[in-house]
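Spelled out from the first residue to the last, the chains are:
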Number of protein chains: 2
Amino acid sequence: MKSKELASYIDLYRGSLLNDVIPFWVEHSLDKEFGGYFTCLDRKGDVFDTDKFMWLQGRQVWMFSSLYDKVEKRQEWLDIAVHGAEFLIEHGRDAEGNWYFSLDRQGKPLMQPYNIFSDCFAALGFSALYKVKPEEVYADIARSTFENILKRRGNPKGKYNKVFPGSRPLKNFSLPMILCNLSLEMEHLLDKEVANTLVQEVVHEVMEVFYQPDTGLIMENVYPDGNVSDSFEGRVVNPGHILEAMWFIMDQAVRLDDQALISRTVEVAMRALDYGWDKQLGGILYFKDVKGFPPQQLEWDQKLWWVHIEALVCLLKGYQHTGDERCWEWFQRVHEYTWTRFPDPGYGEWFGYLNRQGEPLLSLKGGKWKGCFHVPRGLYQCWKALEAIAEKHESLTLQEK
Amino acid sequence: MKSKELASYIDLYRGSLLNDVIPFWVEHSLDKEFGGYFTCLDRKGDVFDTDKFMWLQGRQVWMFSSLYDKVEKRQEWLDIAVHGAEFLIEHGRDAEGNWYFSLDRQGKPLMQPYNIFSDCFAALGFSALYKVKPEEVYADIARSTFENILKRRGNPKGKYNKVFPGSRPLKNFSLPMILCNLSLEMEHLLDKEVANTLVQEVVHEVMEVFYQPDTGLIMENVYPDGNVSDSFEGRVVNPGHILEAMWFIMDQAVRLDDQALISRTVEVAMRALDYGWDKQLGGILYFKDVKGFPPQQLEWDQKLWWVHIEALVCLLKGYQHTGDERCWEWFQRVHEYTWTRFPDPGYGEWFGYLNRQGEPLLSLKGGKWKGCFHVPRGLYQCWKALEAIAEKHESLTLQEK
């Protein structure tokens, strides 16, 4: 690997973030009339639906707060974060402080707070905003939302849970995975002891309970004791989820200075890629059934933006922290697949959904699930990991001289 | 069109039903140990999951009862219907008589009765069984389930409804559509007045409220007054659903001897086909957004078994009742697409899910949503419509001589 090669990767990830992706959302996503963000943007960036989904509102507050925090103190970025936060404060919660799933353009609730990830991303957004604009109201919302998440954790869907009590009490991988990231992101707001205990708990959940030694994979749903359920929900594997979780855990492991844990995350990531890679047509498959049976997800063979950018983040962090050449090789392969297919040279930003063949399945740049989050967060994370790799590489080169 | 051509179509539809599809289910779907039916069958017919989904249990009871009723008095078919019914009687309902969504192999409830279509297909199954085996318990279950459906009609999802009250009160097309079919299927059990009023009501719902004169399409979800909602749910069109509904309405129109209504259903079917046909790769698309925006359904471009067989039924009935040559032309086109792609020459029965290119997306013959229903029902309906067309054709030919 040459310094020049690294420099050109850095240019690409940094340049795409700052000159393509962020400008796209700055230009197209602000609802200047009613507040909050539009996320349903067609190929050109035109708004095709005005509903406001809480996941994506909270995530965009987080994204612009983080850019202001970590990239540059641009007033425009801070203003955009505050713009979303104000809408959320005014309209986002029910009387008990639960976050709705969606609102209409004006802020009237559409979908009840059945989905705990709305709360997770609201907490994420407000805690990041507090970091760059330390108003107590932001901290209060982040903290109380976080407490509410912990309270609801045992039955995240509450009364909307359709599982017959006690019949097949599977728990889902997403919540511990997100709590792993959230507890790190909210470190400045949480009691240290509480945070540490939680981190230990979720790392254990992910790496011991959801992880299955016999397959080397992490399951989406397991029994409370970690056993696999031989059912549609129990057999499903989401390779992109595993890869995203592995860099969350890696971040924790770096903070804990736990090299053994870092190595384990790399091993799991290698396994997830090997398992999830489409040997026929390239790219990472969305879902697979661990026993090789037909998965119930009809979209199982599609190639999704977040899966690929999260894989890239995971691989670069893995390489940064371990120097494992397999990470670099996989990075190059996933990079090549991703950059020749997802970015839209015509109108900027990335296509979200490709079919198995790697062609756009939907022309949208944003929708109900894709907003200003995975692509810019991932570009930022890759850029920073590449810089760290380049620095290490340079100091090694200097030593050799 | 020649008599020979018709005869060979009849042979194909009749032969496939009796020598391929039904034997496949007879051989592979019976759970002789715990009762009920397996529906998760892989390409070869081997069971890959043992959960029991109420939609498919009820539908299979209906299918075998109907075969016994209409095709031949084979004891085996009646036994299979009773086999499923007994399992349903023993395990299928909660204390209030609502039908669970799914049970495990042994019959223990897995998913709560949040889905009113479980009840619809149970009523369908028991009323058909009562026709061929007139035990009062079957009639009672069919009737009380039907009454319960009517009671729950205003809020079919009950407490599992996640829509914020009053925010965007859309109603869904599926229920009136199925009630249209169910009221005809249950004619022998229902009070005539009740049935007639209901039929008028649901035909009105489908053809006036859900139907949109400006586009000529029937929407999946509309406001109570029939207005279209400019939202993901409001913009979605399911062409296969329209085609299936049109033959349900056609059956009612024949019963009512309403030639004008028959003609209208044919016009709507023509429009749905023209709109839903994949001009690029052939076949009928699963979902489209009426404004041409990206639909939220990631499976929008897939080609589904039930869509194609229901289209064939609709087209043959349309031709049978109107002689409209457009129906015959479309029939030939959909027939050609369907028969070269869905049936599995290797192991029998039909693939359920093809990708946009027309290749199997999943290798299963049955799963959570595909059971012993659309394919055999459709083959039977096509066979009978073709026979009626052939008879008419023969008498015309005789007259000409």
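Please read all numbers here as calculations on a predicted model, not as lab measurements.

Conventions used here
Residues numbered from 1 in each chain as written. Chains lettered and ligands numbered in written order. Predicted model: local features only at pLDDT ≥ 70, side-chain atom pairs only at ≥ 80, totals over all residues. Heavy atoms only, no water. Domains from an automatic or database assignment. Contact = heavy atoms within 4.5 Å. Buried area = accessible area lost by both parts, 1.4 Å probe. Salt bridge = Lys/Arg side-chain N within 4 Å of Asp/Glu carboxyl O. Pairing = 2+ DSSP bridges. Helix = DSSP H or I, 4+ residues; strand = E, 2+ residues; numbered from the N terminus. Core = buried A, V, L, I, M, F, W, Y, C linked by side-chain atoms within 4.5 Å. Buried < 20%, exposed > 50% of the residue type's maximum accessible area, 1.4 Å probe, protein only. Phe/Tyr/Trp six-rings, centres within 6.5 Å; stacked < 30°, edge-to-face > 60°. Lys NZ or Arg CZ within 6 Å of the ring centre and 35° of its normal. Axes fitted to C-alpha atoms, helices over the stretch in contact; angles between N-to-C directions. Parallel < 35°, antiparallel > 145°, perpendicular 65-115°, else oblique. Left-handed = near helix turned anticlockwise from the far one by under 90°. Nonpolar A, V, L, I, M, F, W, Y, C, P; charged D, E, K, R; others polar. Polar contact = N/O pair within 3.5 Å; in protein donor to acceptor, adjacent residues only side chain to side chain. Expected span 1.5 Å × (residues − 1). Least-squares fit on C-alpha atoms with pLDDT ≥ 70 in both.

Undergrad: Describe the domain arrangement of chain A, listing the residues and the values that go with them.
TA: Residues and elements named next belong to chain A. Assigned domains of chain A: these are domain 1 (1-30 + 170-400) and domain 2 (39-157). With 43 residues of domain 1 at the contact, the number on the domain 2 side is 42 residues. Summed over both partners, the interface of domain 1 with domain 2 buries about 4,000 Å², with 74% contributed by carbon and sulfur atoms. Its largest share of buried area at the contact with domain 2, domain 1 owes to Leu 175, Leu 189 and Phe 373, together 16% of the area lost on that side. Between domain 1 and domain 2 we count two salt bridges in total.

Undergrad: Lay out the sheet that holds strand S4 (residues 102-103) of chain B with the relevant residues and their values.
TA: Residue and element names in this part refer to chain B. Taken in spatial order, the three strands make up an open sheet running S3-S4-S5, and their pairing is antiparallel. A strand with exactly one partner marks an edge of an open sheet, and here the two such strands are strand S3 (52-53) and strand S5 (109-111). With two bridges joining them, S4 and S5 adopt antiparallel strand pairing. Across the sheet, Ser 102 pairs through a bridge with Met 111, a residue of S5.

Undergrad: Which residues make up the sheet that holds strand S3 (residues 52-53) of chain A, and what values do they have?
TA: The strand order S3-S4-S5 (chain A) describes an open sheet built from three strands, whose pairing is antiparallel. Looking at which strands have only one partner, the edges of the open sheet turn out to be S3 and strand S5 (109-111) of chain A.

Undergrad: Can you tell me about the nonpolar core, naming the residues and giving the values?
TA: Judged by nonpolar contacts, the single largest core of 298 residues is most densely connected at Tyr 13, Phe 64 and Met 246 of chain A together with Tyr 13, Phe 64 and Met 246 of chain B. Those residues within four positions of Tyr 13 of chain B in sequence are excluded, and the remaining contacts are Leu 312, Phe 331, His 335, Trp 339, Leu 379, Cys 382, Trp 383 and Leu 386 of chain B.

Undergrad: Can you tell me about the packing of aromatic side chains, naming the residues and giving the values?
TA: Applying the stated criterion across every chain, the model contains 62 aromatic pairs over all chains. Taken together, a centroid distance of 6.2 Å and an interplanar angle of 80 degrees make the contact between Tyr 286 of chain A and Trp 306 of chain A edge-to-face. In this pair, Tyr 286 of chain A is assigned in the loop between helix H10 (259-276) and strand S11 (288-289) and Trp 306 of chain A in helix H11 (residues 305-322), connecting sequence segments 20 residues apart. On the basis of relative accessibility, which here comes to 9%, the residue Trp 306 of chain A falls in the buried class. Members of the aromatic cluster, joined through ring pairs, are Phe 48, Phe 53, Trp 55, Trp 62, Phe 101, Tyr 114, Phe 117, Phe 121, Trp 369 and Phe 373 of chain A together with Phe 232 and Phe 293 of chain B. Its guanidinium or amino end placed over the ring of Phe 87 of chain A, Lys 52 of chain A lies 4.6 Å from that ring's centre, counting from NZ or CZ.

Undergrad: Tell me what's going on with the environment of Leu 78 of chain A, and back it up with residues and numbers.
TA: All names here are of chain A. With respect to the helices and strands, the residue Leu 78 is situated in helix H3 (residues 75-91). Among the residues examined, Leu 78 registers a relative accessible area of 8% and is labelled buried. Taking C-alpha positions, Leu 78 is 32 Å from Lys 392, a pair spaced 314 residues apart along the chain. Setting aside its immediate chain neighbours within four residues, Leu 78 contacts Tyr 68, Leu 129, Val 132 and Lys 133.

Undergrad: How would you explain the packing of helix H7 (residues 192-210) of chain A against helix H9 (residues 239-255) of chain A if you had to name every residue and give the values?
TA: Each pair of packed helices can be described by the angle between their axes along with the distance between the axes. Residue and element names in this part refer to chain A. One way to put it is that H7 packs onto H9 with a least axis distance of 11 Å and a crossing angle of 135 degrees. Here H9 runs oblique to H7, going by the angle between their axes. Our pair here, H7 against H9, has a crossing hand that is left-handed. Between H7 and H9, the contacting residues are Asn 196, Val 199, Val 203, Val 206 and Met 207 on the first element and Met 246, Ile 249, Gln 252 and Arg 255 on the second. For the contact of H7 with H9, the residue count by class is six nonpolar, two polar and one charged.

Undergrad: Please provide a residue-by-residue account of the interface of chain B and chain A, values included.
TA: On the chain A side, the residues contacting the 44 residues of chain B number 44 residues. Each partner contributes to the roughly 3,800 Å² buried at the junction of chain B and chain A, and carbon and sulfur atoms together form 62% of this total. Broken down residue by residue, the surface that chain B buries against chain A is led by Phe 48, Lys 162 and Leu 298 of chain B, which jointly contribute 19%. At the boundary of chain B with chain A, the tally comes to four salt bridges. As a salt-bridge pair, Arg 168 of chain A and Asp 51 of chain B come within 2.7 Å of each other at their nearest N and O atoms. Inspection of the chain B/chain A interface yields 14 residue pairs in polar contact (both at pLDDT 80 or more). Elements represented by at least two residues in the side of chain B that touches chain A include exactly strand S2 (47-49), S5 and helix H8 (232-235) of chain B.

Undergrad: Hey, could you go over helix H4 (residues 116-132) of chain B for me, with residue numbers and the actual values?
TA: Owing to its 3.6 residues per turn, the α-helix brings residues three or four apart onto one side. Residues and elements named next belong to chain B. Counted at 1.5 Å a residue, the expected span for H4 with its 17 residues is 24 Å, and the 25 Å between its end C-alpha atoms agrees. Across the 17 residues that make up H4, a large majority, 16, are buried. Near the N-terminus of H4, the side chain that reaches the backbone nitrogen of Phe 117, with its oxygen 3.0 Å away, is that of Asn 115.

Undergrad: Got a sec to walk through the side chain of Asn 221 of chain A? Specific residues and values, please.
TA: All names here are of chain A. Position of Asn 221 among the secondary structure elements: in strand S9 (residues 221-222). Residue Asn 221 is classed as buried on the basis of its relative accessible area of 12%. Of note is the side chain of Asn 221, whose polar atom sits 2.9 Å from the side chain of Asn 172. In terms of polar contacts, Asn 221 uses its side chain to reach the backbone carbonyl oxygen of Glu 233, at 3.0 Å.

Undergrad: Now, about the packing of helix H6 (residues 174-185) of chain A against H7 of chain A: what can you tell me, with residues and values included?
TA: All names here are of chain A. It is at 9 Å that the axes of H6 and H7 come closest, and there the two elements cross at 145 degrees. Read as a crossing pair, H6 and H7 show a hand that is left-handed. From H6, Pro 176, Met 177, Leu 179, Cys 180 and Ser 183 reach across to H7, where they touch Leu 198, Val 199, Val 202, Glu 205, Val 206 and Phe 210. Its residues placed into classes, the contact of H6 with H7 shows nine nonpolar, one polar and one charged.

Undergrad: Would you mind going over the relation of the copies chain B and chain A in detail, with residue names and values included?
TA: The transform that puts chain B on chain A rotates by 180 degrees and translates by 0.0 Å along the axis, for an RMSD of 0.0 Å. Taken together, the rotation angle and the small translation identify this as a two-fold axis. Judged by C-alpha distance, Tyr 160 of chain B is the residue of chain B that lies nearest the rotation axis, at 2.6 Å. Here 100% of the interface residues in chain B have copies in chain A that are interface residues too; the copies meet face to matching face.

Undergrad: Tell me what's going on with the environment of Leu 304 of chain B, and back it up with residues and numbers.
TA: All names here are of chain B. For Leu 304, the position within the fold is in strand S12 (residues 303-304). In sequence terms Leu 304 and Phe 342 are 38 residues apart; their C-alpha atoms lie 8.7 Å from each other. Excluding anything up to four places from it in sequence, Leu 304 contacts Tyr 286, Phe 342, Gly 352 and Tyr 353.

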